[in-house]
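Structure assessment
Spelled out from the first residue to the last, the chains are:
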Amino acid sequence: MRFNLILVFICLVLSSCSSSINEPITHFQVQTPRPFGYVIGDEIKQRIIIETRDGMALQYSSIPGKGEMTRWLNLNKIKIDKSKTGKGLRYQIDLTYQLFYAPLEVKMLEIPRFTLQFRQFGNSIEKTVPRWNFTTAPLRELAIRKQEGKEYMRADTSIPLLDTQPSINRLGLSLLMACLFGAYLAWLYGVLTFLPKYQIFKRPARQLAKSSQGDLSSMLDIMHKALNNLNGKPLFKHQLNSFYQRFPNYQQLNGELVWFFNYSNQHYFSTDSRSNKAENDKIIALCQHCLQIERGKR
Amino acid sequence: MIKAIRHYTIWGGLAIAVVITLQSVFSYYQIATSNQFILQLNQGKDIELEALKKSVPELHLARASYLKKKHRYKEAQASLSQVINQGSQKIQAISRYNLGNVYLEQAIELAESMQINEATALTALAKQAYRQALALDSRYWDAKYNLEVAMRLLPEMDRIVMEKDDHIPEKKAKLWATVPGFPRGLP
């Protein structure tokens, strides 16, 4: 007798434990908004939270489809969130209904019930979302006559003027960018005459381009003056290293500059000085290269 | 080489900035012109039809309102139908609401002149337009109000459907529970 009692007790405990573990739906909740004060066109949101054991698959086909549910009730949005919890799965279903009922007085309506289906290992489980009642009210009194000076219907919505602010903002920003780029390039090209540093080789380059072939002395003179101007004092061949320290960009022209100084020395201090087109072109090219460095092209 | 690339990138940047500036100036000019036309229509003055070509939906809406005020309903409907799916969600809701107003005002005029069939059809169209406007913007109070007006003019009734569960059960007569007919044979 005593043994039988213990056996029955153990069986009861085990059965209770097993039912809590194997419960297919561990949590079911329907969250609804206030059940009163709705008018035609209002949206009603309903949230269904379901927690199931692992592996239970919600049959999405059991959720009502978007569109007209009844003559006066539309289901506009369906959002389903599925997440994994510690014990199993959590489904959050957000439904947004829209009401199109025009009552003559305060009236109670209901969102119809529907049944959700879950499936696991070929078995199907159902859970019913209960119907939900709410009240709706009219917006206007039963009869309004035009003759009484009251508005029969609401007038057209006046058309708002187009917003010009985005265009003005874009225009201002692009204009600012254009001005900045333009000013920087003008600075590089020596257009800004009040900034003397960046117009050193501009004029000499033009003068050299115009010089005739026989005018070697003036060509050398123009080039020397330009280099002296950049250096801030007369520049000689033996000072080139200190010149490069101050203006490292010009070091890439070292070969041409050395040749220029040698050629100049030969012209001024040697008796067998002679001018030819190739060497004149080399002076012009040197000045062009200096101009390119000045403008940041090299 | 890198310096040369940087140099030409600056030129490219300048070119792009100039193009955007010109495009912004053109865009601003178009918007300002459209606003001028909208103001003109709101003041009750029509605009050239040429101005409506390739114009923004707002201008079509403004002209439709102007035409409705002049009771030129067909032209107003045509103007609204052109832009019904254009513009932002707000503009689409307004265009549907204003289209509903065109139908409803026309329906009321027809109903007053006892052309009930035409008025019924137009009221149904107005309800559909207001519903669409509310689907786009559920806080559109004017659309709610006018939908209710249309619903009052043309109420909707549920069809009575006899469901299987609702059928009236046949009463099973209890055998000999009552005596059928009056008893006879009394004195």
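Look a little higher up for the structure.
Residues numbered from 1 in each chain as written. Chains lettered and ligands numbered in written order. Predicted model: local features only at pLDDT ≥ 70, side-chain atom pairs only at ≥ 80, totals over all residues. Heavy atoms only, no water.

**Focus on the packing of helix α4 (residues 89–112) of chain B against helix α5 (residues 116–136) of chain B**
Residue and element names in this part refer to chain B.
- Taken N-terminus to C-terminus, the directions of α4 and α5 make an angle of 160°; their axes are 8 Å apart at the nearest point. Judged on the interaxial angle alone, α5 and α4 are roughly antiparallel. Remark: the crossing between α4 and α5 carries left-handed chirality.
- Residue classes in the contact of α4 with α5 are distributed as 17 nonpolar, seven polar and two charged. (Axes fitted to C-alpha atoms, helices over the stretch in contact; angles between N-to-C directions. Helix = DSSP H or I, 4+ residues; strand = E, 2+ residues; numbered from the N terminus. Parallel < 35°, antiparallel > 145°, perpendicular 65-115°, else oblique. Left-handed = near helix turned anticlockwise from the far one by under 90°. Nonpolar A, V, L, I, M, F, W, Y, C, P; charged D, E, K, R; others polar.)

**Looking at the nonpolar core**
- Counting 42 residues, the largest nonpolar core has B:Leu104, B:Tyr130, B:Tyr140 and B:Leu147 as its most contacted members.
- Elements with a contribution of two residues or more to this core: α1 (2–42), α2 (57–69), α3 (73–82), α4, α5 and α6 (141–153) of chain B.
- Looking at this core, the element that brings in the most residues is α4(B), giving 11 residues.
- For this core, the two domains that each supply at least three residues are domain 1 (1–72) and domain 2 (88–155) of chain B.
- Contacts of B:Tyr140, omitting those with residues within four sequence positions, involve A:Thr157, B:Ala93, B:Ile94, B:Tyr97, B:Ala133 and B:Leu134.
- A:Leu220, A:Phe243, A:Phe261 and A:Tyr263 belong to the second largest nonpolar core, which has 30 residues in total. (Core = buried A, V, L, I, M, F, W, Y, C linked by side-chain atoms within 4.5 Å. Buried < 20%, exposed > 50% of the residue type's maximum accessible area, 1.4 Å probe, protein only. Domains from an automatic or database assignment. Contact = heavy atoms within 4.5 Å.)

**Concerning the pairing of strand β9 (residues 123–129) of chain A**
All names here are of chain A.
- Pairing of strand β8 (residues 114–120) with β9 involves seven bridges; the strand directions are antiparallel. Paired with Arg-119 across the bridge in β9 is Ser-124.
- Linking β8 back to β9 in an antiparallel pair, the connection comprises two residues, with Phe-121 at a positive phi of about 50°. (Pairing = 2+ DSSP bridges.)

**Quick notes on the side chain of B:Glu148**
- Within the secondary structure layout, B:Glu148 lies in helix α6.
- A relative accessible area of 0% places B:Glu148 in the buried class.
- When neighbours within four sequence positions are excluded, B:Glu148 is seen to be in contact with A:Ile40, A:Ala102, A:Pro138, A:Leu139 and A:Arg140.

**Considering the pattern of salt bridges**
- Under the criterion given, the structure shown has 16 salt bridges over all chains.
- One salt bridge in this structure joins B:Glu156 and A:Arg71, with 3.3 Å as the shortest N-O distance. Separated into two different chains, B:Glu156 in the segment after α6 and A:Arg71 in the loop between β4 (67–68) and β5 (73–84) make up a pair that spans both.
- Put simply, B:Glu156 and B:Lys127 hold a salt bridge, and the shortest N to O gap is 3.2 Å. (Salt bridge = Lys/Arg side-chain N within 4 Å of Asp/Glu carboxyl O.)

**As for the packing of aromatic side chains**
Residue and element names in this part refer to chain A.
- Enumeration over the complete set of coordinates arrives at 13 aromatic pairs over all chains.
- Aromatic side chains Phe-243 and Tyr-250 sit 5.9 Å apart centroid to centroid with 55° between the ring planes, which places their arrangement in the tilted category.
- Owing to a relative accessible area of 0%, Phe-243 belongs among the buried residues under this scheme.
- Of the residues examined, Tyr-250 reaches a relative accessible area of 6% and is grouped as buried.
- Site record: aromatic cluster; members linked through ring pairs are Phe-201, Phe-243, Tyr-244, Phe-247 and Tyr-250.
- In this structure, Lys-127 is placed above the aromatic ring of Phe-28, and the distance from its NZ or CZ to the ring centre is 5.0 Å.
- Directly above the aromatic system of Tyr-152 lies the positively charged group of Arg-140, at a separation of 5.9 Å from the ring centroid. (Phe/Tyr/Trp six-rings, centres within 6.5 Å; stacked < 30°, edge-to-face > 60°. Lys NZ or Arg CZ within 6 Å of the ring centre and 35° of its normal.)

**Description of the sheet that holds β8(A)**
- The strand order across the open sheet formed by three strands is β3-β8-β9 (chain A), and the pairing between neighbours is antiparallel. Two strands bound the open sheet, and with one partner strand each, they are β3 (57–58) and β9 of chain A.

**Brief notes about the interface of chain B and chain A**
- In this complex, chain B contributes 58 residues to the contact, which on the side of chain A involves 53 residues.
- Taken together, both faces of the contact between chain B and chain A bury some 5,000 Å²; the carbon and sulfur share is 61%.
- Viewed at the interface, chain A and chain B are joined by four salt bridges.
- Listing elements by their share of the side of chain B that touches chain A, those giving two or more residues are α1, α2, α4, α5 and α6 of chain B.
- Considering each element in turn, the side of chain B that touches chain A owes the most residues, 23 residues, to α1(B). (Buried area = accessible area lost by both parts, 1.4 Å probe.)

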